[in-house]
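# A look at the structure
Letter by letter, the chains look like this.
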Amino acid sequence: MLFNQVNDIIAEIAQAAPQSPEALEQFRIRYLGSKNVIKALSAEIRNIPNEQKRDFGRLVNEAIQSAEAKFQALKTQLEAAAEESSAAALDLSAPGEPLVWGTRHPITITMNRIIRIFERIGFVIAEDREIEDDWHNFTALNTPEDHPARDMQDTYYLRGSDSLLLRTHTSSVQARLMAVQQPPIRIIAPGRVYRNETISARSHCQFHQVEGLYVDEGVSFADLKQTLLYFAKEMFGATQIRLRPSFFPFTEPSAEMDVYLGTDTEDNYRLTKGTGWLEILGCGMVDPKVLDNCGIDSEKYTGFAFGMGIERQAMRLFGINDIRLLFENDVRFLKQFGTVV
Ligand code: DAH
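Residues numbered from 1 in each chain as written. Predicted model: local features only at pLDDT ≥ 70, side-chain atom pairs only at ≥ 80, totals over all residues. Heavy atoms only, no water.

### Side note on the packing of aromatic side chains
Per the stated rule, a full pass over the model turns up 14 aromatic pairs. With a centroid separation of 6.1 Å and an interplanar angle of 90 degrees, the aromatic rings of Phe-231 and Phe-236 are classed as edge-to-face. For the pair Phe-231 and Phe-236, a shared accessibility class is recorded, and that class is buried. Connected via pairs of aromatic rings, a cluster forms that spans Phe-118, Phe-123, Tyr-214, Phe-231, Phe-236, Phe-304 and Phe-306. Sitting over the ring of Tyr-214, Arg-186 keeps its end group 4.7 Å from the ring centre. (Phe/Tyr/Trp six-rings, centres within 6.5 Å; stacked < 30°, edge-to-face > 60°. Buried < 20%, exposed > 50% of the residue type's maximum accessible area, 1.4 Å probe, protein only. Lys NZ or Arg CZ within 6 Å of the ring centre and 35° of its normal.)

### Quick notes on the pattern of salt bridges
On inspection of all chains with the given rule, the structure shows 15 salt bridges. With a closest N to O distance of 3.1 Å, Glu-119 and Arg-116 form a salt bridge. With Glu-119 and Arg-116 both in helix 5 (residues 106-119), this residue pair falls three residues apart, about one helical turn. A single network of salt bridges, built from pairs that share partners, joins Arg-242, Arg-244, Glu-256, Asp-258 and Glu-279. (Salt bridge = Lys/Arg side-chain N within 4 Å of Asp/Glu carboxyl O. Helix = DSSP H or I, 4+ residues; strand = E, 2+ residues; numbered from the N terminus.)

### A closer look at the nonpolar core
Membership of the largest hydrophobic core comes to 41 residues, with the highest contact counts inside it found for Phe-231, Val-259, Ile-280, Phe-306 and Met-308. Those residues in contact with Phe-306 that lie beyond four places of it in its chain are Phe-118, Ile-188, Val-210, Glu-211, Gly-212, Leu-224, Leu-228, Leu-281, Gly-282 and Cys-283. Membership of the second largest hydrophobic core comes to 21 residues, among which are Ile-187, Leu-291, Cys-294 and Ile-296. (Core = buried A, V, L, I, M, F, W, Y, C linked by side-chain atoms within 4.5 Å. Contact = heavy atoms within 4.5 Å.)

### Observations concerning the site of the ligand
Around the ligand, the structure places 16 residues, and the nearest of them are His-169, Ser-171, Arg-195, Gln-209 and Glu-211. Residue Gln-174 places a side-chain N or O atom 3.2 Å away from an oxygen atom belonging to the ligand. Side-chain polar atom of Glu-211 to an oxygen atom of the ligand: 2.6 Å apart, as the coordinates give it. In isolation the ligand has 360 Å² of accessible area, and contact with the protein removes 91% of it. Contributions of two or more residues to the shell around the ligand are made by helix 7 (171-180), strand 5 (206-216), strand 8 (277-286) and strand 9 (302-309). Among the residues making up the shell around the ligand, the classes are represented as five nonpolar, nine polar and two charged. (Near = heavy atom within 4 Å. Polar contact = N/O pair within 3.5 Å; in protein donor to acceptor, adjacent residues only side chain to side chain. Areas by Shrake-Rupley, 256 points an atom, 1.4 Å probe, with all protein chains shown as cover. Nonpolar A, V, L, I, M, F, W, Y, C, P; charged D, E, K, R; others polar.)

### Remarks on the packing of helix 5 against helix 8 (residues 221-236)
Interaxial distance between helix 5 and helix 8 falls to 10 Å at its minimum, and their mutual angle equals 135 degrees. If you check the angle between helix 5 and helix 8, you find them oblique. The interaxial crossing formed by helix 5 with helix 8 has right-handed handedness. Contacts between helix 5 and helix 8 pair Thr-110, Arg-113, Ile-114, Ile-117 and Phe-118 from the former with Thr-227, Tyr-230, Phe-231, Glu-234 and Met-235 from the latter. Along the lines of polarity and charge, the residues of the contact of helix 5 with helix 8 split into six nonpolar, two polar and two charged. (Axes fitted to C-alpha atoms, helices over the stretch in contact; angles between N-to-C directions. Parallel < 35°, antiparallel > 145°, perpendicular 65-115°, else oblique. Left-handed = near helix turned anticlockwise from the far one by under 90°.)

### Quick look at helix 4 (residues 50-89)
Here helix 4 contains 40 residues, and its C-alpha end-to-end distance of 59 Å stays within 8% of the 58 Å for a straight helix at 1.5 Å per residue. The set of residues buried in helix 4 consists of Phe-56, Leu-59, Val-60, Ala-63, Ala-67, Phe-71, Leu-74 and Leu-78. Each element contacted by the buried residues of helix 4 is listed here: helix 1 (2-15), helix 2 (21-32) and helix 3 (37-42). (Expected span 1.5 Å × (residues − 1).)

### Re the environment of Phe-118
Relative to the helices and strands, Phe-118 resides in helix 5. Between the C-alpha atoms of Phe-118 and Glu-234, which are 116 residues apart in sequence, the distance is 9.8 Å. If near-sequence neighbours (up to four positions away) are discounted, Phe-118 is found in contact with Phe-123, Ile-188, Thr-227, Phe-231, Phe-306 and Met-308.

### Let's talk about helix 7
Taken across its ten residues, helix 7 has eight buried, putting it largely inside the fold. The complete set of buried residues in helix 7 reads Ser-171, Ser-172, Val-173, Gln-174, Ala-175, Arg-176, Leu-177 and Met-178. Where helix 7 is buried, its residues contact strand 2 (131-133), helix 6 (134-137), strand 4 (185-194), strand 5, helix 10 (288-293) and strand 9.

### Re the sheet that holds strand 6 (residues 241-248)
The mixed open sheet is built from seven strands, whose spatial order is 1-4-5-9-8-7-6. Every other strand in the sheet has two partners, leaving strand 1 (124-125) and strand 6 as the edge strands with one partner each. As paired elements, strand 1 and strand 4 share two bridges and run parallel to each other. Note on strand 4: the bridge partner recorded for Val-124 is Ile-187. Together, strand 5, strand 8 and strand 9 form the strand contacts of helix 11 (residues 311-318), whose direction differs from that of strand 9 by roughly 55 degrees. (Pairing = 2+ DSSP bridges.)

In structure tokens:
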């Protein structure tokens, strides 16, 4: 009786032909699972007369082995079938996914334009860290602690540190570079800067600057003027610039440069508040103290420096009226600008 039952199971296993992964799983549970039918029968061995126990054990083993062998064979078969059907479903003549070109960010486009203009006259790119220390961002640039000029820029200090900060201007790259390189130095330093400012359509707590620095023997204010005029012509098509006296701790004398855009177009009229002049950058002759702080002989060398914001220029170039759009990274906004090729 028990022998017959095991034999029936062996026959059942031989005939089983599950066609799906689900059916195969049912097979596994029934014959190989933790509460499988073979196990249940093998427990009955205690009711078998002693002289037959050995044969019964063998039969049970045969059942287990046939279940395992069948399971492996079925599994291999089903996997091969699945692979075949997915290959058959592959339509090699179907059109491909269209390749979507990325676009460059308007800030990058603007920054690259500025960089190219200065590269043409021998400036090289210098980049450095955004997390800066107090010395490179302020002290080296002639802005010691409790200098009122520190209030000009509301600084983000790193939590738990009174010397590490998010750089407030790319002028910090001047100090980084001069500390390791002797003149001639002619660099352009693009990058992101941070100030604790209220976010609105016109201002943001993060923005970009391009810094310029030229240090060599005999560099003069006339060189600065000529370099900036060249830039204004290339970048804005302007024919006139204006230098207004100003103050920066790291330059002496200091100036702010305006370019003349005129008032012919409505945009220019609005942008220049009817004056025709647009303020673009701060500049000046590097203060000898800054050179000395950075280990450059101020008796021998002179230099000029300038720094400009990128966002306003990008907004003007692309007709963007809200600075926040530049930092939201909304793809619908970004894809309107230069395709990367
Ligand atoms: N660092 C100044 C700012 O963020 C800009 C600047 C002014 C940079 C004059 C210069 C400079 O190199 O000479 O407002």
